[in-house]
Amino acid sequence: MCYTVERKCAEDFDRADELQKYRRQFYFPETNGKPYLYFCGNSLGLQPQKTEEYVQCEIKKWQQAAVEGHFTGERPWMDYHEFLTTNMANLVGGKPIEVVAMNSLTTNLHLLMVSFYRPTPQKNKILIEKSAFPSDRYAVESQIRFHGYDPKECLIEISPPQGEYEISDEAFAECIAREGKNIALILLGGVNYYTGQLFPMEKITKWGHEQNCVVGFDLAHAIGNIPLELHKWQVDFAVWCTYKYLNGGPGGVGGSFVHERYAEDSSLPRFCGWWGHEKSTRFAMPDNFEVMSGAEGWQLSNAPVLSMAALIPSLEIFAEVGMDKLRTKSLKLTSYFEFLLQEKLSNEVEVITPKDTNKRGAQLSLHLKKGGKEIHKALLENGVICDWREPNSIRVAPVPLYNNFLDVWLFVETLETLLKDKKA
Ligand SMILES: *Cc1c(COP(=O)(O)O)cnc(C)c1O
(Lines give C-alpha, C1' and ligand atoms only; values in the text may rest on other atoms or scores of the structure.)
Protein backbone atom coordinates (compact mmCIF):
# COMPACT_ATOMS: atom_id res chain seq x y z
CA MET A 1 0.00 0.00 0.00
CA CYS A 2 1.32 3.42 -0.93
CA TYR A 3 0.57 6.11 1.63
CA THR A 4 1.54 9.76 1.63
CA VAL A 5 1.06 12.39 4.33
CA GLU A 6 -0.98 14.68 2.05
CA ARG A 7 -4.64 15.17 2.81
CA LYS A 8 -5.35 14.20 -0.79
CA CYS A 9 -4.18 10.66 -0.08
CA ALA A 10 -6.93 10.27 2.54
CA GLU A 11 -9.51 11.75 0.24
CA ASP A 12 -8.51 9.42 -2.59
CA PHE A 13 -8.78 6.39 -0.31
CA ASP A 14 -12.23 7.53 0.81
CA ARG A 15 -13.41 7.92 -2.76
CA ALA A 16 -12.27 4.38 -3.56
CA ASP A 17 -13.80 2.91 -0.38
CA GLU A 18 -16.74 0.65 -1.17
CA LEU A 19 -17.91 0.78 2.46
CA GLN A 20 -18.14 4.58 2.45
CA LYS A 21 -21.95 4.54 2.33
CA TYR A 22 -22.26 2.87 5.74
CA ARG A 23 -20.90 5.95 7.45
CA ARG A 24 -24.13 7.72 6.53
CA GLN A 25 -26.14 5.07 8.37
CA PHE A 26 -24.83 6.21 11.77
CA TYR A 27 -25.37 9.23 14.00
CA PHE A 28 -22.22 11.13 14.96
CA PRO A 29 -22.34 13.22 18.14
CA GLU A 30 -21.90 16.94 17.50
CA THR A 31 -20.21 19.94 19.05
CA ASN A 32 -21.13 23.50 17.97
CA GLY A 33 -23.15 22.10 15.09
CA LYS A 34 -20.23 20.05 13.75
CA PRO A 35 -19.80 16.28 14.07
CA TYR A 36 -17.06 15.13 16.40
CA LEU A 37 -14.25 13.05 15.02
CA TYR A 38 -15.29 9.84 16.75
CA PHE A 39 -12.71 7.17 17.58
CA CYS A 40 -14.40 5.49 20.52
CA GLY A 41 -16.17 2.61 18.81
CA ASN A 42 -14.07 0.30 20.97
CA SER A 43 -15.85 1.73 24.00
CA LEU A 44 -19.31 2.72 22.79
CA GLY A 45 -20.21 2.18 19.15
CA LEU A 46 -22.29 4.82 17.35
CA GLN A 47 -26.04 4.51 16.93
CA PRO A 48 -27.30 3.23 13.59
CA GLN A 49 -30.01 5.48 12.21
CA LYS A 50 -32.40 2.54 12.07
CA THR A 51 -32.11 1.76 15.78
CA GLU A 52 -34.80 4.15 16.89
CA GLU A 53 -37.34 2.56 14.56
CA TYR A 54 -36.63 -0.94 15.90
CA VAL A 55 -36.90 0.12 19.52
CA GLN A 56 -40.01 2.20 18.79
CA CYS A 57 -41.61 -0.82 17.16
CA GLU A 58 -41.45 -2.73 20.46
CA ILE A 59 -42.48 0.31 22.51
CA LYS A 60 -45.55 0.68 20.31
CA LYS A 61 -46.33 -2.99 20.55
CA TRP A 62 -46.19 -2.75 24.30
CA GLN A 63 -48.67 0.19 24.15
CA GLN A 64 -51.02 -1.52 21.73
CA ALA A 65 -50.79 -5.22 22.49
CA ALA A 66 -49.32 -5.38 26.02
CA VAL A 67 -48.95 -8.99 27.11
CA GLU A 68 -50.12 -10.27 23.76
CA GLY A 69 -46.88 -8.85 22.34
CA HIS A 70 -45.21 -12.04 23.46
CA PHE A 71 -47.01 -13.84 20.64
CA THR A 72 -47.74 -11.18 18.01
CA GLY A 73 -45.99 -8.99 15.50
CA GLU A 74 -42.94 -9.57 13.34
CA ARG A 75 -40.81 -10.53 16.32
CA PRO A 76 -42.82 -12.06 19.18
CA TRP A 77 -41.14 -11.29 22.52
CA MET A 78 -41.32 -14.89 23.59
CA ASP A 79 -38.65 -15.85 21.07
CA TYR A 80 -36.97 -12.49 20.83
CA HIS A 81 -33.41 -13.59 21.55
CA GLU A 82 -33.64 -16.03 18.65
CA PHE A 83 -33.79 -13.14 16.19
CA LEU A 84 -30.22 -12.24 17.11
CA THR A 85 -28.73 -15.72 17.03
CA THR A 86 -27.81 -16.29 13.40
CA ASN A 87 -26.13 -12.95 12.82
CA MET A 88 -24.27 -13.14 16.10
CA ALA A 89 -23.19 -16.72 15.45
CA ASN A 90 -21.78 -15.65 12.09
CA LEU A 91 -19.74 -12.92 13.75
CA VAL A 92 -18.00 -15.37 16.10
CA GLY A 93 -17.78 -18.27 13.66
CA GLY A 94 -20.18 -20.36 15.70
CA LYS A 95 -23.17 -22.52 14.85
CA PRO A 96 -26.54 -21.17 15.96
CA ILE A 97 -26.77 -23.84 18.65
CA GLU A 98 -23.50 -22.54 20.12
CA VAL A 99 -24.57 -18.92 20.53
CA VAL A 100 -27.08 -17.01 22.62
CA ALA A 101 -27.73 -13.34 23.38
CA MET A 102 -28.37 -12.91 27.09
CA ASN A 103 -27.51 -10.90 30.20
CA SER A 104 -24.33 -8.85 30.14
CA LEU A 105 -20.69 -9.76 29.72
CA THR A 106 -19.53 -10.17 33.31
CA THR A 107 -22.71 -12.02 34.26
CA ASN A 108 -22.15 -14.44 31.40
CA LEU A 109 -18.54 -14.89 32.37
CA HIS A 110 -19.64 -15.98 35.84
CA LEU A 111 -22.34 -18.30 34.52
CA LEU A 112 -19.91 -20.02 32.18
CA MET A 113 -17.20 -20.27 34.81
CA VAL A 114 -19.70 -22.04 37.02
CA SER A 115 -19.77 -24.73 34.34
CA PHE A 116 -16.23 -24.54 33.00
CA TYR A 117 -14.03 -23.70 35.96
CA ARG A 118 -14.02 -26.96 37.87
CA PRO A 119 -10.91 -26.85 40.01
CA THR A 120 -9.46 -29.91 41.75
CA PRO A 121 -6.65 -29.94 44.31
CA GLN A 122 -4.15 -30.78 41.53
CA LYS A 123 -5.59 -28.64 38.77
CA ASN A 124 -7.06 -25.42 40.07
CA LYS A 125 -5.30 -22.47 38.44
CA ILE A 126 -6.61 -19.87 36.04
CA LEU A 127 -4.35 -18.22 33.47
CA ILE A 128 -5.21 -14.62 32.54
CA GLU A 129 -3.25 -11.80 30.90
CA LYS A 130 -1.51 -9.41 33.27
CA SER A 131 -3.37 -6.29 32.17
CA ALA A 132 -6.74 -8.04 32.00
CA PHE A 133 -9.82 -5.84 32.17
CA PRO A 134 -10.59 -5.28 35.86
CA SER A 135 -14.05 -6.84 35.69
CA ASP A 136 -12.58 -10.07 34.33
CA ARG A 137 -10.00 -10.13 37.07
CA TYR A 138 -12.61 -9.55 39.79
CA ALA A 139 -14.79 -12.27 38.32
CA VAL A 140 -11.95 -14.76 38.10
CA GLU A 141 -10.58 -14.04 41.58
CA SER A 142 -14.02 -14.31 43.12
CA GLN A 143 -14.59 -17.66 41.39
CA ILE A 144 -11.30 -18.93 42.77
CA ARG A 145 -12.31 -17.85 46.28
CA PHE A 146 -15.79 -19.27 45.81
CA HIS A 147 -14.20 -22.70 45.33
CA GLY A 148 -12.17 -22.28 48.50
CA TYR A 149 -8.86 -21.48 46.86
CA ASP A 150 -6.56 -18.50 47.13
CA PRO A 151 -6.12 -16.19 44.12
CA LYS A 152 -2.54 -15.54 45.26
CA GLU A 153 -1.79 -19.17 44.52
CA CYS A 154 -4.26 -19.95 41.78
CA LEU A 155 -4.12 -16.92 39.51
CA ILE A 156 -1.37 -16.99 36.90
CA GLU A 157 -0.81 -13.79 34.99
CA ILE A 158 1.10 -13.84 31.76
CA SER A 159 2.79 -10.53 30.99
CA PRO A 160 5.01 -9.08 28.28
CA PRO A 161 8.75 -8.82 29.02
CA GLN A 162 9.71 -5.87 31.24
CA GLY A 163 9.36 -2.58 29.36
CA GLU A 164 7.48 -4.18 26.45
CA TYR A 165 3.80 -4.47 25.65
CA GLU A 166 3.45 -7.53 23.48
CA ILE A 167 3.11 -11.13 24.65
CA SER A 168 4.74 -13.37 22.05
CA ASP A 169 3.27 -16.63 20.81
CA GLU A 170 6.34 -18.37 22.23
CA ALA A 171 5.64 -16.89 25.66
CA PHE A 172 2.09 -18.26 25.59
CA ALA A 173 3.29 -21.66 24.43
CA GLU A 174 6.01 -21.79 27.04
CA CYS A 175 3.74 -20.68 29.88
CA ILE A 176 1.02 -23.20 29.00
CA ALA A 177 3.59 -26.00 28.61
CA ARG A 178 5.15 -25.16 31.96
CA GLU A 179 2.01 -24.53 34.05
CA GLY A 180 -0.61 -26.45 32.06
CA LYS A 181 -0.85 -29.46 34.32
CA ASN A 182 -2.04 -27.19 37.14
CA ILE A 183 -4.24 -24.96 35.01
CA ALA A 184 -7.98 -25.64 35.06
CA LEU A 185 -8.96 -22.66 32.92
CA ILE A 186 -7.27 -20.34 30.44
CA LEU A 187 -9.28 -17.13 30.20
CA LEU A 188 -7.90 -14.41 27.95
CA GLY A 189 -9.18 -11.43 26.06
CA GLY A 190 -9.41 -11.95 22.29
CA VAL A 191 -7.99 -8.46 21.91
CA ASN A 192 -6.46 -6.88 25.01
CA TYR A 193 -8.42 -3.75 25.89
CA TYR A 194 -5.38 -1.70 26.88
CA THR A 195 -2.67 -2.53 24.35
CA GLY A 196 -4.93 -3.62 21.51
CA GLN A 197 -2.96 -6.85 21.04
CA LEU A 198 -4.88 -9.61 19.28
CA PHE A 199 -4.02 -12.90 20.95
CA PRO A 200 -3.50 -16.09 18.91
CA MET A 201 -6.76 -17.71 19.98
CA GLU A 202 -6.54 -20.78 17.79
CA LYS A 203 -3.04 -21.66 18.97
CA ILE A 204 -3.78 -20.93 22.61
CA THR A 205 -6.81 -23.21 22.42
CA LYS A 206 -4.72 -25.99 20.92
CA TRP A 207 -1.92 -25.62 23.47
CA GLY A 208 -4.43 -25.45 26.31
CA HIS A 209 -6.29 -28.55 25.19
CA GLU A 210 -3.03 -30.49 24.92
CA GLN A 211 -2.72 -29.92 28.67
CA ASN A 212 -6.38 -30.64 29.42
CA CYS A 213 -7.18 -27.04 30.22
CA VAL A 214 -10.54 -25.50 29.42
CA VAL A 215 -10.08 -22.47 27.17
CA GLY A 216 -12.41 -19.47 27.17
CA PHE A 217 -12.16 -15.99 25.67
CA ASP A 218 -13.55 -12.59 26.49
CA LEU A 219 -14.35 -11.12 23.10
CA ALA A 220 -15.42 -7.64 24.25
CA HIS A 221 -12.83 -6.03 21.97
CA ALA A 222 -12.76 -8.72 19.33
CA ILE A 223 -16.34 -9.23 18.18
CA GLY A 224 -17.16 -6.99 15.24
CA ASN A 225 -13.47 -6.08 15.05
CA ILE A 226 -11.73 -9.33 14.05
CA PRO A 227 -13.02 -12.28 12.01
CA LEU A 228 -13.52 -15.14 14.48
CA GLU A 229 -13.81 -18.91 14.02
CA LEU A 230 -14.65 -20.15 17.51
CA HIS A 231 -16.21 -23.41 16.38
CA LYS A 232 -13.34 -24.34 14.11
CA TRP A 233 -10.76 -23.30 16.69
CA GLN A 234 -12.44 -25.64 19.20
CA VAL A 235 -12.77 -22.88 21.79
CA ASP A 236 -14.72 -24.16 24.81
CA PHE A 237 -16.64 -21.00 25.59
CA ALA A 238 -16.63 -17.25 25.01
CA VAL A 239 -18.48 -14.16 26.18
CA TRP A 240 -18.85 -10.65 24.82
CA CYS A 241 -20.69 -7.38 25.12
CA THR A 242 -22.45 -5.64 22.24
CA TYR A 243 -22.06 -1.95 22.96
CA LYS A 244 -18.50 -1.66 21.66
CA TYR A 245 -17.84 -2.60 18.02
CA LEU A 246 -21.37 -4.04 17.68
CA ASN A 247 -23.14 -0.71 18.28
CA GLY A 248 -25.87 -2.20 20.46
CA GLY A 249 -26.17 0.83 22.76
CA PRO A 250 -25.14 1.53 26.36
CA GLY A 251 -25.33 -1.48 28.64
CA GLY A 252 -26.69 -3.55 25.75
CA VAL A 253 -27.36 -7.27 25.96
CA GLY A 254 -24.31 -9.57 26.06
CA GLY A 255 -23.62 -12.81 24.25
CA SER A 256 -22.17 -16.24 24.92
CA PHE A 257 -20.69 -19.10 22.94
CA VAL A 258 -20.50 -22.68 24.18
CA HIS A 259 -18.93 -25.20 21.83
CA GLU A 260 -21.25 -27.75 20.25
CA ARG A 261 -19.53 -30.63 22.02
CA TYR A 262 -21.26 -29.48 25.23
CA ALA A 263 -24.64 -28.91 23.57
CA GLU A 264 -26.24 -32.06 24.95
CA ASP A 265 -24.15 -32.36 28.09
CA SER A 266 -26.68 -32.08 30.90
CA SER A 267 -24.11 -33.27 33.43
CA LEU A 268 -22.30 -29.91 33.48
CA PRO A 269 -23.00 -28.05 36.70
CA ARG A 270 -24.76 -24.79 36.01
CA PHE A 271 -26.88 -22.10 37.59
CA CYS A 272 -30.36 -22.46 36.19
CA GLY A 273 -33.35 -20.31 35.39
CA TRP A 274 -36.61 -20.90 33.59
CA TRP A 275 -35.38 -19.60 30.24
CA GLY A 276 -32.77 -22.34 30.12
CA HIS A 277 -35.50 -24.94 30.52
CA GLU A 278 -36.57 -26.95 27.49
CA LYS A 279 -38.69 -24.53 25.49
CA SER A 280 -41.49 -26.93 24.58
CA THR A 281 -42.41 -27.63 28.20
CA ARG A 282 -41.32 -24.39 29.87
CA PHE A 283 -44.84 -23.11 30.26
CA ALA A 284 -46.12 -26.34 31.70
CA MET A 285 -44.29 -24.90 34.73
CA PRO A 286 -42.77 -28.22 35.80
CA ASP A 287 -40.82 -28.55 39.04
CA ASN A 288 -37.97 -30.41 37.41
CA PHE A 289 -35.48 -28.47 35.37
CA GLU A 290 -34.87 -29.96 31.96
CA VAL A 291 -32.04 -28.15 30.23
CA MET A 292 -32.27 -26.88 26.65
CA SER A 293 -29.68 -28.00 24.14
CA GLY A 294 -26.80 -25.71 23.34
CA ALA A 295 -25.90 -22.24 24.58
CA GLU A 296 -29.56 -21.41 25.24
CA GLY A 297 -29.43 -23.82 28.16
CA TRP A 298 -27.42 -21.21 30.08
CA GLN A 299 -30.19 -18.60 29.89
CA LEU A 300 -31.78 -17.51 33.14
CA SER A 301 -34.42 -14.97 32.28
CA ASN A 302 -36.75 -13.96 29.51
CA ALA A 303 -35.27 -11.65 26.89
CA PRO A 304 -34.61 -7.93 27.57
CA VAL A 305 -36.52 -7.00 24.44
CA LEU A 306 -35.78 -3.28 24.29
CA SER A 307 -32.05 -3.77 24.56
CA MET A 308 -32.14 -6.56 22.01
CA ALA A 309 -34.22 -4.44 19.64
CA ALA A 310 -31.48 -1.82 19.74
CA LEU A 311 -28.93 -4.38 18.59
CA ILE A 312 -30.75 -5.94 15.66
CA PRO A 313 -30.23 -3.16 13.09
CA SER A 314 -26.49 -3.12 13.70
CA LEU A 315 -26.29 -6.90 13.39
CA GLU A 316 -28.10 -6.57 10.08
CA ILE A 317 -25.52 -4.09 8.85
CA PHE A 318 -22.73 -6.48 9.85
CA ALA A 319 -24.50 -9.31 8.05
CA GLU A 320 -24.81 -7.20 4.92
CA VAL A 321 -21.18 -6.02 4.88
CA GLY A 322 -19.49 -9.15 6.25
CA MET A 323 -16.40 -9.30 8.46
CA ASP A 324 -14.08 -10.00 5.54
CA LYS A 325 -14.69 -6.64 3.92
CA LEU A 326 -14.61 -4.88 7.25
CA ARG A 327 -11.32 -6.48 8.16
CA THR A 328 -9.81 -5.58 4.79
CA LYS A 329 -10.74 -1.94 5.25
CA SER A 330 -9.75 -2.01 8.91
CA LEU A 331 -6.24 -3.25 8.13
CA LYS A 332 -5.76 -0.46 5.63
CA LEU A 333 -7.29 2.24 7.84
CA THR A 334 -5.26 1.36 10.91
CA SER A 335 -2.04 0.93 8.93
CA TYR A 336 -2.60 4.35 7.40
CA PHE A 337 -3.10 5.77 10.88
CA GLU A 338 0.12 4.16 12.06
CA PHE A 339 1.94 5.48 8.98
CA LEU A 340 0.85 9.07 9.68
CA LEU A 341 1.87 8.84 13.33
CA GLN A 342 5.22 7.42 12.32
CA GLU A 343 5.85 10.05 9.65
CA LYS A 344 4.69 13.08 11.62
CA LEU A 345 4.89 12.35 15.33
CA SER A 346 7.38 9.58 15.98
CA ASN A 347 9.30 11.76 18.45
CA GLU A 348 6.25 12.50 20.58
CA VAL A 349 4.10 9.41 20.28
CA GLU A 350 4.83 5.75 20.90
CA VAL A 351 2.38 3.18 19.55
CA ILE A 352 2.25 0.31 22.06
CA THR A 353 -0.04 -1.86 19.92
CA PRO A 354 1.82 -4.56 17.95
CA LYS A 355 3.16 -3.51 14.55
CA ASP A 356 2.30 -6.88 13.03
CA THR A 357 -1.18 -6.45 11.56
CA ASN A 358 -1.99 -10.08 12.38
CA LYS A 359 -1.63 -9.16 16.03
CA ARG A 360 -4.06 -6.28 16.27
CA GLY A 361 -7.53 -5.08 15.34
CA ALA A 362 -8.72 -1.55 14.66
CA GLN A 363 -7.36 0.05 17.82
CA LEU A 364 -4.00 1.71 18.33
CA SER A 365 -2.97 2.58 21.88
CA LEU A 366 -0.73 5.62 22.09
CA HIS A 367 1.70 6.58 24.80
CA LEU A 368 2.59 10.23 24.62
CA LYS A 369 6.09 11.02 25.76
CA LYS A 370 4.67 13.95 27.71
CA GLY A 371 1.31 15.21 28.95
CA GLY A 372 -0.92 12.37 27.81
CA LYS A 373 -3.89 13.22 29.96
CA GLU A 374 -3.80 16.95 29.13
CA ILE A 375 -3.58 16.22 25.44
CA HIS A 376 -6.50 13.84 25.69
CA LYS A 377 -8.54 16.63 27.28
CA ALA A 378 -7.43 19.10 24.63
CA LEU A 379 -8.41 16.67 21.88
CA LEU A 380 -11.95 16.57 23.25
CA GLU A 381 -12.07 20.37 23.39
CA ASN A 382 -10.99 20.38 19.77
CA GLY A 383 -13.74 18.11 18.54
CA VAL A 384 -12.07 14.71 18.84
CA ILE A 385 -13.47 11.86 20.92
CA CYS A 386 -11.05 9.09 21.81
CA ASP A 387 -10.43 7.60 25.21
CA TRP A 388 -8.01 7.74 28.05
CA ARG A 389 -7.07 4.67 30.02
CA GLU A 390 -5.01 4.81 33.17
CA PRO A 391 -2.15 4.75 33.62
CA ASN A 392 -0.95 6.22 30.37
CA SER A 393 -2.82 5.27 27.24
CA ILE A 394 -4.84 7.16 24.66
CA ARG A 395 -6.84 4.52 22.80
CA VAL A 396 -7.91 5.40 19.29
CA ALA A 397 -10.05 3.07 17.24
CA PRO A 398 -10.76 3.91 13.61
CA VAL A 399 -13.81 1.72 13.05
CA PRO A 400 -14.10 0.53 9.44
CA LEU A 401 -17.91 0.63 9.46
CA TYR A 402 -18.16 4.38 10.00
CA ASN A 403 -14.74 5.97 10.22
CA ASN A 404 -12.94 7.06 7.09
CA PHE A 405 -9.42 7.95 6.05
CA LEU A 406 -10.04 11.67 6.34
CA ASP A 407 -11.08 11.19 9.99
CA VAL A 408 -7.71 9.60 10.60
CA TRP A 409 -5.84 12.32 8.75
CA LEU A 410 -7.70 15.02 10.72
CA PHE A 411 -6.99 13.23 13.99
CA VAL A 412 -3.25 13.21 13.35
CA GLU A 413 -3.30 16.82 12.20
CA THR A 414 -5.19 17.89 15.34
CA LEU A 415 -2.83 15.95 17.57
CA GLU A 416 0.17 17.45 15.82
CA THR A 417 -1.16 20.98 16.32
CA LEU A 418 -1.89 20.37 20.00
CA LEU A 419 1.56 18.93 20.61
CA LYS A 420 3.16 21.92 18.85
CA ASP A 421 1.08 24.41 20.86
CA LYS A 422 2.17 22.71 24.01
CA LYS A 423 5.82 23.03 23.12
CA ALA A 424 5.51 26.70 22.08
C1 LIG B 1 -15.84 -3.73 28.13
C2 LIG B 1 -15.33 -4.92 28.83
C3 LIG B 1 -16.05 -5.51 29.88
C4 LIG B 1 -17.32 -4.89 30.39
O5 LIG B 1 -18.08 -5.77 31.12
P6 LIG B 1 -19.65 -5.55 31.34
O7 LIG B 1 -20.06 -6.72 32.12
O8 LIG B 1 -20.28 -5.45 29.98
O9 LIG B 1 -19.83 -4.26 32.08
C10 LIG B 1 -15.52 -6.65 30.46
N11 LIG B 1 -14.36 -7.20 30.01
C12 LIG B 1 -13.65 -6.65 29.01
C13 LIG B 1 -12.39 -7.27 28.55
C14 LIG B 1 -14.11 -5.49 28.40
O15 LIG B 1 -13.40 -4.93 27.43
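Cut-offs and rules
Residues numbered from 1 in each chain as written. Predicted model: local features only at pLDDT ≥ 70, side-chain atom pairs only at ≥ 80, totals over all residues. Heavy atoms only, no water. Helix = DSSP H or I, 4+ residues; strand = E, 2+ residues; numbered from the N terminus. Buried < 20%, exposed > 50% of the residue type's maximum accessible area, 1.4 Å probe, protein only. Pairing = 2+ DSSP bridges. Salt bridge = Lys/Arg side-chain N within 4 Å of Asp/Glu carboxyl O. 1 Å grid on protein atoms, 1.4 Å probe; cavity = no way out; pocket = protein on both sides within 12 Å on 5 of 7 lines; lining within 4 Å. Points joined across faces, edges and corners; volume = space filled by probe spheres on them. Nonpolar A, V, L, I, M, F, W, Y, C, P; charged D, E, K, R; others polar. Near = heavy atom within 4 Å. Polar contact = N/O pair within 3.5 Å; in protein donor to acceptor, adjacent residues only side chain to side chain. Areas by Shrake-Rupley, 256 points an atom, 1.4 Å probe, with all protein chains shown as cover. Axes fitted to C-alpha atoms, helices over the stretch in contact; angles between N-to-C directions. Parallel < 35°, antiparallel > 145°, perpendicular 65-115°, else oblique. Left-handed = near helix turned anticlockwise from the far one by under 90°. Contact = heavy atoms within 4.5 Å.

## Some points on unusual backbone geometry
- A cis amide bond links E390 to the next residue, P391, at an omega of 5°.
- Mapped onto the elements, P391 comes out in the loop between β16 (387-389) and β17 (393-396).

## Quick look at the pairing of strand β14 (residues 364-368)
- Within β14, five of the five residues are buried, which leaves the element mostly enclosed by the surrounding structure.
- Side chains L364, L366 and L368 of β14 all project onto a buried face; the interleaved residues S365 and H367 project onto the opposite face, where all are buried too.
- Taken together, the three bridges between strand β13 (residues 349-351) and β14 define a ladder with antiparallel strand orientation. Within the sheet, the bridge partner assigned to E350 lies in β14 and is H367.
- Bridging between β14 and β17 involves three bridges; their strand directions are antiparallel. Considered in β17, the bridge of L364 is made with V396.

## Examining the pattern of salt bridges
- What the rule picks out here adds up to 27 salt bridges.
- As a salt-bridge pair, E338 and K355 come within 3.5 Å of each other at their nearest N and O atoms. Taken as a pair, E338 in helix α11 (residues 323-345) and K355 in the loop between β13 and β14 lie far apart in primary sequence, 17 residues in all.
- When its relative accessible area of 13% is taken as the criterion, E338 is described as buried.

## Describing the pairing of strand β7 (residues 125-129)
- Within β7, five of the five residues are buried, leaving the element largely enclosed by the surrounding structure.
- A two-sided burial pattern is seen for β7, the buried positions comprising K125, L127 and E129 on one face and I126 and I128 on the other.
- Summarising the sheet, β7 and strand β9 (residues 183-189) pair through three bridges and their orientation is parallel. Counterpart to I126 in the pairing with β9 is L185.
- Summarising the sheet, β7 and strand β8 (residues 155-158) pair through four bridges and their orientation is parallel. Counted as the bridge partner of I126 is L155 from β8.

## Re empty space enclosed by the protein
- Within this structure, the stated rule accounts for one cavity of 30 Å³ or more.
- As a volume, the largest cavity reaches approximately 30 Å³.
- In the lining of the largest cavity, the residues fall into five nonpolar, one polar and four charged.

## Remarks on the side chain of T51
- Within the element layout of this structure, T51 appears in helix α2 (residues 51-65).
- A relative accessible area of 7% means that T51 is categorised as buried.

## Quick look at the site of the ligand
- Close to the ligand lie L105, T106, F133, D136, D218, A220, H221, Y243 and K244.
- The contact in question runs from an oxygen atom of the ligand to an N or O atom on the side chain of T106, over 2.6 Å.
- Interatomic distance of 2.5 Å between a side-chain N/O atom of Y243 and an oxygen atom of the ligand.
- Relative to its unbound accessible surface of 390 Å², the ligand loses 82% to contact with the protein.
- Of the residues belonging to the shell around the ligand, the class tally is four nonpolar, two polar and three charged.

## Structural notes on the packing of helix α12 (residues 372-381) against helix α13 (residues 405-423)
- Taken N-terminus to C-terminus, the directions of α12 and α13 make an angle of 125°; their axes are 10 Å apart at the nearest point. Compared by their axis directions, α12 and α13 come out oblique. As for how α12 packs across α13, the hand of that crossing is right-handed. From α12, E374, I375, A378 and L379 reach across to α13, where they touch F411, T414, L415, L418, L419 and K422.
- Broken down by class, the residue content of the contact of α12 with α13 amounts to seven nonpolar, one polar and two charged.

## Points about the sheet that holds β8
- Strand order in the open sheet formed by seven strands is β6-β12-β11-β10-β9-β7-β8, with mixed pairing between adjacent strands. Two strands bound the open sheet, and with one partner strand each, they are β6 (99-101) and β8. In this sheet, adjacent strand axes meet at a mean angle of 15° when their direction is disregarded.
- Where helix α4 (residues 105-116) meets the sheet, its contacts fall on β9, β10 (214-218), β11 (237-240) and β12 (255-258), and the angle it forms with β11 comes to roughly 165°.
- On the sheet, helix α8 (residues 201-210) packs against β9 and β10 and is oriented at approximately 155° with respect to β10.

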